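A closer look at the structure
Residue strings, one per chain:
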Amino acid sequence: MYEFRRTTLQEAVHNALGYQILSTKKLAKASVKFDFATRMRLGSVLFVGEGNLSFALTVARKSRTPASSILATVYEAEKDLTDTAYENAQKLLKIGCQVKTSVDATWLSDTIGNRRFQTIIFQFPNVASRDPRYGQNPNHVLVTRFLKSARDHLKYGGLVVISTVDSSFYEGAFKMDEAARKSGFAAPAIHTFVPNDYPGYIHQNTANEESAADGYTAFATFVFSG
Ligand SMILES: C[S@@+](CC[C@H](N)C(=O)[O-])C[C@H]1O[C@@H](n2cnc3c(N)ncnc32)[C@H](O)[C@@H]1O
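Now for a look at the structure at hand. Because the structure is predicted, anything quoted here is derived from the model rather than measured. (Residues numbered from 1 in each chain as written. Predicted model: local features only at pLDDT ≥ 70, side-chain atom pairs only at ≥ 80, totals over all residues. Heavy atoms only, no water.)

1. Observations concerning the nonpolar core
Grouped together as the largest cluster of nonpolar side chains are 57 residues, with contacts concentrated most on Phe36, Phe47, Phe55, Phe146, Val160 and Phe224. With 6 residues, the single largest contributor to this core is strand 5 (residues 154-165). Look past the residues within four positions of Phe36 in its chain and what remains in contact with it is Phe55, Val59, Ile121, Gln123, Val161, Ser163, Phe193, Tyr198 and Thr221. (Core = buried A, V, L, I, M, F, W, Y, C linked by side-chain atoms within 4.5 Å. Buried < 20%, exposed > 50% of the residue type's maximum accessible area, 1.4 Å probe, protein only. Helix = DSSP H or I, 4+ residues; strand = E, 2+ residues; numbered from the N terminus. Contact = heavy atoms within 4.5 Å.)

2. Remarks on the packing of aromatic side chains
Applying the stated rule across the entire model yields 16 aromatic pairs. Judged by centre distance (6.0 Å) and plane angle (70 degrees), the rings of Phe185 and Phe224 are edge-to-face. Within this pair, whereas Phe185 is found in the loop between helix 9 (176-182) and strand 6 (189-193), its partner Phe224 is found in strand 7 (residues 219-225), the two being separated by 39 residues in sequence. Phe224 shares its class with Phe185; the two are buried. Geometrically, the ring pair formed by Phe193 and Tyr198 is stacked, given 5.5 Å between the ring centres and 10 degrees between the ring planes. One exposure class covers both Phe193 and Tyr198, and it is buried. Site record: aromatic cluster; members linked through ring pairs are Phe34, Phe36, Phe47, Phe55, Phe124, Phe193, Tyr198, Tyr201 and Phe219. Above the face of the Tyr198 ring, Lys62 is positioned so that its terminal group lies 4.8 Å from the ring centre. A cation over a ring is seen here: Arg151 above Phe185, with NZ or CZ 5.0 Å from the ring centre. (Phe/Tyr/Trp six-rings, centres within 6.5 Å; stacked < 30°, edge-to-face > 60°. Lys NZ or Arg CZ within 6 Å of the ring centre and 35° of its normal.)

3. Topic: the environment of Lys148
Mapped onto the secondary structure, Lys148 falls in helix 7 (residues 138-151). For the pair Lys148 and Ala105, spaced 43 residues apart in sequence, the C-alpha to C-alpha distance is 9.7 Å. Beyond its immediate chain neighbours, meaning those up to four positions away, Lys148 contacts Lys182 and Ser183.

4. Considering the sheet that holds strand 5
Within the open sheet, the 7 strands sit side by side as 3-2-1-4-5-7-6. Their pairing is mixed. Whereas interior strands pair on both sides, the edge strands pair on one side only; in this sheet they are strand 3 (98-100) and strand 6. Within this sheet the neighbouring strands show an average axis-to-axis angle of 20 degrees, counted without direction. Sheet topology places strand 1 (residues 45-48) next to strand 4 (residues 117-123); 4 bridges connect them, and they run parallel. Across the sheet, residue Phe47 finds its bridge partner in strand 4, namely Ile121. In the packing of helix 4 (residues 54-63) onto the sheet, contacts are made with strand 1, strand 2 (70-73), strand 4 and strand 6, and the angle to strand 1 comes to roughly 155 degrees. Here helix 7 sits on the sheet in contact with strand 1, strand 4, strand 5 and strand 7, set at roughly 160 degrees to strand 5. (Pairing = 2+ DSSP bridges. Axes fitted to C-alpha atoms, helices over the stretch in contact; angles between N-to-C directions.)

What follows is the structure, encoded as structure tokens:
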């Protein structure tokens with residue numbers, strides 16, 4: 001398990017201004033943060049691939065969204081939840097959110113039927129394998145299939161939100177513009193993501209993997225609209 005490192009002084013100053021300057025190159029694409037809390041106040045929110053459920057819990061507490069409109073899900077079966085995930089699931093249930101296990105983000109209708117949401121969020125998608133699938137990076141395949149599936153579960157005006165490490169390596173792995181095109185979305189808007197804005201959010205690694213975020217200091221949130 002990995003805890004995001006604390007912000008540097010420079011980041012703190014930029015954060016105080018409401019911006020994080022990642023680098024001159026990245027500034028053009030990622031400057032303003034995505035406001036999860038404000039977005040969630042618009043109503044129904046689905047979290048997928050939540051790992052230990054700490055992001056959903058932190059944002060649910062922060063957003064003043066009616067808890068009943070939040071469905072937080074994990075890929076793992078209930079019996080495979082870590083102690084932290086189990087405890088966070090209990091806390092989410094206690095404040096009135098819904099929690100579901102064994103939810104595959106690439107086949108949402110299997111587990112959530114035909115429910116639709118204003119916002120669907122996948123923080124740091126990552127598959128355990130590095131083996132190419134259909135000649136593509138498996139993480140590109142994951143986000144493409146997730147976007148295709150999520151499309152059928154969005155309300156009018158809905159958004160799909162995905163955060164990843166902001167680096168050329170990850171950009172090359174996910175190829176978000178291509179994933180958007182293949183799944184019928186416009187190219188995503190790109191925001192900066194600052195984990196320390198969400199105290200309590202403890203990023204969880206994919207099983208047996210080194211952290212997707214280890215050693216990285218810049219993170220981006222991609223926002224896909226219809
Ligand atoms: C790097 S972890 C991030 C976990 C959590 N979102 C966070 O930010 O801490 C990647 C997560 O993607 C999940 N995942 C991988 N494939 C998935 C799929 N097909 N559907 C849903 N979740 C998936 C894994 O179970 C794992 O929890």
